[in-house]
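Spelled out, the chains give:
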Amino acid sequence: MEAYKRVKVNKGAAGVDKESIADFETNLKGNLYRIWNRMSSGSYFPPPVRAVEIGKKDGGRRRLGVPTVSDRIAQMVAKIYFEPRVEGFFHPDSFGYRPNKSAIEAVGVARQRCWRYDWVLDLDIKGFFDNIDHELMLRAVRKHTECKWLLLYIERWLKAPVQLEDGTLVTRDKGSPQGSVISPLLANLFLHYGFDDWMRRHHRIIPFERYADDIIVHCRSEAQARFIKSEIEKRLLECKLEAHPEKTKIVYCKDSDRRGNYPNKRFDFLGYGFQPRLAKDRWNRYFVTFSPAVSNKAAKSIRETIRSWRIHLMSDKSIIDLSRIFNPVIRGWINYYGRFYKSALYSIFNQLNGAMIKWATRKYKRLRARQRRAYYWLGRIARYNQNLFAHWQCGARPAAGR
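The rules behind the values
- Residues numbered from 1 in each chain as written.
- Predicted model: local features only at pLDDT ≥ 70, side-chain atom pairs only at ≥ 80, totals over all residues.
- Heavy atoms only, no water.
- Helix = DSSP H or I, 4+ residues; strand = E, 2+ residues; numbered from the N terminus.
- Buried < 20%, exposed > 50% of the residue type's maximum accessible area, 1.4 Å probe, protein only.
- Contact = heavy atoms within 4.5 Å.
- Areas by Shrake-Rupley, 256 points an atom, 1.4 Å probe, with all protein chains shown as cover.
- Salt bridge = Lys/Arg side-chain N within 4 Å of Asp/Glu carboxyl O.
- Expected span 1.5 Å × (residues − 1).
- Axes fitted to C-alpha atoms, helices over the stretch in contact; angles between N-to-C directions.
- Left-handed = near helix turned anticlockwise from the far one by under 90°.
- Polar contact = N/O pair within 3.5 Å; in protein donor to acceptor, adjacent residues only side chain to side chain.
- Pairing = 2+ DSSP bridges.

Trainee: Describe the overall build of the protein, listing the residues and the values that go with them.
Mentor: Within the protein one finds 14 helices and 11 strands. With respect to the principal axes defined by its C-alpha atoms, the protein has extents near 75 × 60 × 35 Å. Within the protein, the proportion of its 402 residues that are buried is 47%. Long-range pairs, those at least 24 residues apart, make up 66% of the contacts in the protein between residues at least 6 apart in sequence. Within the structure as shown, the protein displays about 21,100 Å² of accessible surface, and the carbon and sulfur contribution to it stands at 49%.

Trainee: I'd like to hear about the pattern of salt bridges, residue by residue, with values.
Mentor: Evaluation of the coordinates by the stated rule reveals 20 salt bridges. For the salt bridge of Asp133 with Lys240, the shortest nitrogen-to-oxygen distance reads 3.4 Å. Taken together, the positions of Asp133 in the loop between β3 (119–124) and α6 (134–142) and Lys240 in the loop between α9 (222–238) and β8 (249–252) put the pair 107 residues apart, joining distant regions of the chain. Overall, Lys240 belongs to the exposed group, its relative accessible area being 53%. Via salt bridges that share partners, Asp93, Arg113 and Glu209 belong to a single interconnected network.

Trainee: Quick rundown of helix α7 (residues 148–159)? Include the residues and the values.
Mentor: A rise of 1.5 Å per residue sets the reference length of α7, with its 12 residues, at 16 Å; its end C-alpha atoms lie 17 Å apart and thus fit the reference within 8%. Listing the buried residues of α7 in full gives Leu150, Leu151, Tyr153, Ile154, Arg156, Trp157 and Leu158. Tucked inside the fold, the buried residues of α7 contact α3 (28–41), α4 (69–87), α6 and α8 (183–202).

Trainee: With reference to specific residues and values, describe the packing of helix α1 (residues 2–10) against α4.
Mentor: Relative orientation of the contacting elements α1 and α4 amounts to 115 degrees, with a least axis distance of 8 Å. Crossing angle aside, the handedness with which α1 passes α4 is right-handed. Between α1 and α4, the contacting residues are Glu2, Ala3, Tyr4, Arg6, Val7 and Asn10 on the first element and Arg72, Ile73, Met76, Val77 and Ile80 on the second.

Trainee: Pulling in residues and values, what's your account of the side chain of His244?
Mentor: Relative to the elements of secondary structure, His244 occurs in the loop between α9 and β8. A polar atom in the side chain of His244 sits 3.2 Å from the backbone nitrogen of Lys247. If sequence neighbours within four positions are ignored, His244 has contacts with Asp124 and Lys126.

Trainee: For unusual backbone geometry, give the residues involved together with the corresponding values.
Mentor: The phi dihedral of Lys18 falls on the positive side, at around 60 degrees, and the residue is not glycine. Here Ala212, not a glycine, exhibits a phi torsion of approximately 55 degrees, which is positive. Tracing the backbone shows Ala212 in the loop between β6 (208–211) and β7 (214–219).

Trainee: Break down the pairing of β3 for me, with residues and values.
Mentor: The buried count for β3 comes to 5 of 6 residues, which makes it a mostly enclosed element. Pairing between β3 and β7: 6 bridges, direction antiparallel. If you follow Asp124 over to β7, its bridge partner there is Asp214. Taken together, the 4 bridges between β3 and β8 define a ladder with antiparallel strand orientation.

Trainee: Outline the side chain of Ser291, supporting the account with residue identities and numerical values.
Mentor: Tracing the sequence through the fold places Ser291 in strand β11 (residues 286–294). On the basis of relative accessible area, Ser291 is assigned to the buried category, the value being 6%. Within the structure, Ser291 has its side chain in polar contact with the side chain of Thr289 (distance 3.3 Å).

Next up, the structure:
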């Protein structure tokens, strides 16, 4: 029942059986009993995982695996049991998919360390979730439990076939599908032994941040960065993984105090772009700092989302209706991307204001003649109703006319 409640909160699409959470709830007690009965008797076999392809920011395609609702509940049962047994072993600089850890915390730690260390190794593991070795994965699980049912079902989940859109079943001898409940925990456990604990034992003085398979390593010199890059590549090969030859790079954290000119002076981490940026000191003097702000890829994605809203066509809605519809999303962007260098969001929100001005010119005849009049009209509303939109509250509002 606890597993079902957590799965319901996370929502999610239907699997290969096309059963939604609402469908599952029509016979809730009977369906939960069936899962319990099969899991407790050892006769539970997970159904195939439905393959769904989504676009990646670099233009490629990523395949997600969507388990059935019943299978998500079964996996959540295993996660509830297993997670407390491994959580205490994980490295403090592992931030992904862990209780009381977050992506924004990882960004903050990386920001502080970029100020103390001149160089960064931006590490990208090629196709990590698709290439996890099953035997190495199960070996890591056995280090933390002798529970037979848990070992049995984790192995079955790892080997469950993938069903493509045309109905074809594809067997798997490696990898763990992104989208399943148990995959993030298993991925953390795999990289704990494959990377985190190995770094602790062999390169203790070199700090890093890891969020799932996104890894940033901090170095004091270019020579140290090249050395650790070579060592990590060897370690990944031992774990039957590979560092992406094009995406893995060494970056110089350039600021006002650091001399020299190097080709790579920026990297992206968890939706933030780290690069040299202007800042003011306590005496209002400008200097260059190496800091994070919303990345170009994230900014592009936000702009595309704003365009997809087609606000200018919502002339049947009032401005209060617009705030109710879009404020939750806008507030989410600000809460995440506004934590560091918030002013980088202003140009994005100016686009949002522009969409609202177009909406105003279509809705009100008196504003159609001149767009500047609509701009000032919206600015006056922003001045006296600053709390109407979340981005107005953080300073990204149009100027009011006299």
